[in-house]
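# Survey of secondary and tertiary structure
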Amino acid sequence: MAGLTPSVDKLLALIEHKQDDLVSLTQALVQIPTINPPGDNYADCIELLKSRLSTRGFQTEIIRAEGTPGDTDQYPRLNLIARREGSRPGPCVHFNSHIDVVPPGKGWNDDPFAAVVRDGKIYGRGTCDMKGGLAASIIAVEALLEWMPDFPGAIEISGTADEETGGYGGVAYLAEKGWMAAPRIDHVIIPEPLNKDRICLGHRGVWWSELETFGTVAHGSMPFLGDSAIRHMTAVLDEFEQKLFPALQQKVTAMPVVPEGAKQSTLNINSIHGGLAEGFTGFPAPMVADSCRLVLDRRFLIEEQLSEVKLEVQSLLEGLTKSRENFAYSLKDLFEVVPSMTDQNAPVVQSIARGISRVFDREPEYVVSPGTYDQKHIDRIGKLKDCIAYGPGILDLAHQANEYVGVTDMVESAKVMAMATYELLSGEQIE
Ligand SMILES: [Zn+2]
């Protein structure tokens with residue numbers, strides 16, 4: 001910390017003095033169970049953010065993502081954008097956090113929405129992913145406004161819907177409508193829980209598809225009179241085991257993906273089903289299956305093209321149509337996202353990196369996420385490249401029982417966010 005000018009010390013002290021406020025803001029956010037699916041209590045959470053930020057001079061806008069998946073009058077997909085204009089023109093720094101949390105699941109020691117504080121940690125669903133990060137960004141910005149009331153440019157804070165279910169009712173919608181897009185915004189920090197001393201530059205790509213094989217029904221006692229779609233699918237899985245999985249292991253990326261295992265291309269079979277519908281009651285009927293379906297979850301690297309990724313599977317299937325009698329299939333795309341990786345020399349990366357080295361006295365670690373998050377929409381739809389994820393919380397705890405966020409981690413990352421915001425707005429580096 002040596003060498004900081006007194007004024008920056010004052011900014012950091014302001015943040016430390018706000019620790020109790022940071023804890024109670026995080027608790028208040030966690031105590032609103034914004035469970036998604038289905039999208040519970042978004043209105044309450046958006047209202048909390050709106051009243052907090054409007055009393056601090058932010059203009060606020062509540063935007064409902066009409067017509068997006070899951071948007072109904074009972075479960076409106078609500079988003080908040082709060083903007084505070086500076087005293088003169090300049091760039092816009094935007095902090096984006098999703099307000100939704102995944103269902104709590106079982107195995108909790110405390111009520112998952114009580115936000116119990118114990119041993120310097122706040123426990124609860126959404127503490128780590130990512131209401132702790134949201135609260136830290138608010139405290140960082142509020143401290144910065146006190147420290148530098150006449151800042152240039154603009155600061156925005158958003159609370160958005162549905163990240164956990166793809167972000168269509170949240171950041172994707174806002175990017176399409178120009179809210180979360182260039183040139184309105186210049187720099188974006190997403191305080192997802194990537195650990196306080198790491199900068200997440202982006203994520204791998206995703207291709208989900210549904211594969212179906214076809215057969216002919218017959219009595220289960222005379223399967224030779226029919227043609228089993230499940231046996232055809234078994235042949236597909238054999239091809240995957242013999243050819244596809246070994247090929248994917250050979251593909252290793254130069255992207256700094258964590259954890260180590262995700263540095264290669266991966267494939268998961270998310271689900272498989274053939275024959276009688278699941279969930280029947282009574283006794284099963286003896287039937288040869290005329291349909292078998294599976295959902296592929298292929299994660300790919302920046303070195304790969306989506307078209308090649310698809311072709312790899314298609315050519316195995318085409319091979320089977322030649323080698324295997326009566327083999328017929330359909331392959332349907334469900335979801336696709338291309339990889340995204342912000343340049344390590346981009347301004348937002350560099351300013352957060354300097355903040356980390358000041359607060360922790362070490363260089364940051366640069367990482368790429370194995371799965372995607374809202375950066376995909378900001379990059380692809382919003383055409384905004386200066387975007388990263390940086391925030392408190394331990395990535396591995398996200399979505400787990402007894403999820404928590406460390407109070408010190410939140411304070412320290414708020415310091416990093418505040419210093420980086422100052423640099424991005426002023427164009428000056430803190431000495
Ligand atoms: Zn998250």
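The coordinates are above.
Residues numbered from 1 in each chain as written. Predicted model: local features only at pLDDT ≥ 70, side-chain atom pairs only at ≥ 80, totals over all residues. Heavy atoms only, no water.

Below, the discussion takes up the overall build of the protein chain. Within the protein chain, the secondary structure is distributed over ten helices and 16 strands. What you see for the protein chain is a C-alpha radius of gyration of 24 Å, in line with the 22 Å of a compact globule of 431 residues. Taken along its principal axes, the extent of the C-alpha atoms in the protein chain is 85 × 45 × 40 Å. Expressed as a percentage of the 431 residues in the protein chain, the buried residues total 56%. (Helix = DSSP H or I, 4+ residues; strand = E, 2+ residues; numbered from the N terminus. Rg over C-alpha atoms; globule rule 2.2 N^0.38 Å. Buried < 20%, exposed > 50% of the residue type's maximum accessible area, 1.4 Å probe, protein only.)

In this section: the coordination of the zinc ion. Put simply, a metal with four donors set out as a tetrahedron has ideal angles of 109.5 degrees, and one with six donors set out as an octahedron has ideal angles of 90 or 180 degrees. For the zinc ion, every protein donor is listed as His98 (NE2), Asp129 (OD), Glu192 (OE) and Glu192 (OE), and the spread of their distances is 1.9 to 2.7 Å. Sequence spacing among the residues donating to the zinc ion works out to H-x30-D-x62-E. Here Asp129 is found in helix H4 (residues 127-147), whereas its partner Glu192 is found in the loop between strand E7 (187-190) and strand E8 (198-203), with 63 residues between them in sequence. Glu192 gets classed as buried once you look at its relative accessible area, which sits at 7%. (Donors = N, O, S within 2.8 Å, 3.2 Å for Na, K, Ca; no water.)

Turning next to the side chain of Ser340. For Ser340, the position within the fold is in strand E13 (residues 340-341). When its relative accessible area of 3% is taken as the criterion, Ser340 is described as buried. There is a polar contact of 2.8 Å between the side chain of Ser340 and the side chain of Asp379. Ser340 has contacts with Leu201, Gly202, His203, Met255, Gln375 and Asp379, leaving out every residue within four places of it along the chain. (Polar contact = N/O pair within 3.5 Å; in protein donor to acceptor, adjacent residues only side chain to side chain. Contact = heavy atoms within 4.5 Å.)

Through backbone hydrogen bonds, the strands of a sheet pair up, either in parallel or in antiparallel fashion. The three strands lie next to each other as E4-E5-E16, forming an open sheet whose pairing is antiparallel. Two strands bound the open sheet, and with one partner strand each, they are strand E4 (117-118) and strand E16 (404-406). Bridge count for E4 against strand E5 (residues 121-123) is two bridges, and the pairing is antiparallel. Bridged to Arg118 within E5 is Lys121. (Pairing = 2+ DSSP bridges.)

Of the volumes computed, that of the largest pocket is approximately 640 Å³. In terms of lining, the largest pocket is formed by 28 residues, of which the most central are Glu163, Ser369, Gly371, Thr372 and His399. Taken together, the residues that form the lining of the largest pocket break down as 13 nonpolar, seven polar and eight charged. What the second largest pocket holds in volume is close to 240 Å³. Forming the walls of the second largest pocket are 14 residues, and the residues nearest its centre are Pro223, Asp227, Ser228, Arg231 and Val288. Counted by class, the lining of the second largest pocket contains seven nonpolar, four polar and three charged residues. (1 Å grid on protein atoms, 1.4 Å probe; cavity = no way out; pocket = protein on both sides within 12 Å on 5 of 7 lines; lining within 4 Å. Points joined across faces, edges and corners; volume = space filled by probe spheres on them. Nonpolar A, V, L, I, M, F, W, Y, C, P; charged D, E, K, R; others polar.)

A cluster of nonpolar side chains, Val217, Leu276, Phe280 and Met287, forms an exposed patch at the surface whose accessible area comes to about 360 Å². Assignment of secondary structure puts Val217 in the loop between strand E9 (205-214) and helix H6 (229-249). (Patch = residues over 30% accessible without salt bridge, like charges linked within 9 Å, V, L, I, M, F, W, Y side chains within 5 Å. Areas by Shrake-Rupley, 256 points an atom, 1.4 Å probe, with all protein chains shown as cover. Salt bridge = Lys/Arg side-chain N within 4 Å of Asp/Glu carboxyl O.)

So, on to helix H3 (residues 42-54). With 13 residues, H3 extends 18 Å between its outermost C-alpha atoms, agreeing within 8% with the 18 Å of an ideal straight helix rising 1.5 Å per residue. Buried within H3 are the following residues: Tyr42, Cys45, Ile46, Leu48, Leu49, Arg52 and Leu53. For H3, the angular spread of buried residues about the axis comes to 155 degrees, placing them on one side. Where the residues of H3 are buried, they touch helix H2 (19-30), strand E1 (59-64), strand E2 (78-85), H4 and strand E6 (152-160). (Expected span 1.5 Å × (residues − 1). Arc of directions from axis to C-beta.)

This brings us to the side chain of His98. Here His98 lies in strand E3 (residues 88-98). A distance of 2.9 Å separates a polar side-chain atom of His98 from the backbone oxygen of Asp100. A polar contact of 3.0 Å, which involves the side chain of His98, links it to the side chain of Asp129.

Right, let's talk about unusual backbone geometry for a bit. Along the chain, Pro37 connects to Pro38 via a cis peptide bond; the corresponding omega equals 15 degrees. Examined against the element boundaries, Pro38 turns out to sit in the loop between H2 and H3. Omega for the bond connecting Val258 with Pro259 falls within 30 degrees of zero, at -10 degrees, which places this linkage in the cis form. Tracing the chain through its elements places Pro259 in the loop between H6 and strand E10 (266-274). Residue Asn195 is not a glycine yet carries a positive backbone phi of 85 degrees. Mapped onto the fold, Asn195 is located in the loop between E7 and E8.

Glancing now at the nonpolar core. In terms of nonpolar packing, the biggest core is built from 74 residues, with Ile199, Ile352, Ile388 and Tyr390 touching the most fellow members. Among the elements that make up this core, the one with the highest residue count is helix H10 (residues 407-426) (twelve residues). Discounting chain neighbours no more than four positions away, the residues touching Ile199 are Val349, Ile352, Ala353, Ile356, Pro364, Glu365, Tyr366, Val367, Ile388 and Ala389. Ala65, Val171, Leu174 and Ala389 belong to the second largest nonpolar core, which has 22 residues in total. (Core = buried A, V, L, I, M, F, W, Y, C linked by side-chain atoms within 4.5 Å.)

This part covers the environment of Gln305. Relative to the helices and strands, Gln305 resides in the loop between strand E11 (291-300) and helix H7 (306-323). For Gln305, a relative accessible area of 48% gives the class partly exposed. Placed 100 residues apart in sequence, Gln305 and Gly205 show a C-alpha to C-alpha distance of 9.4 Å.

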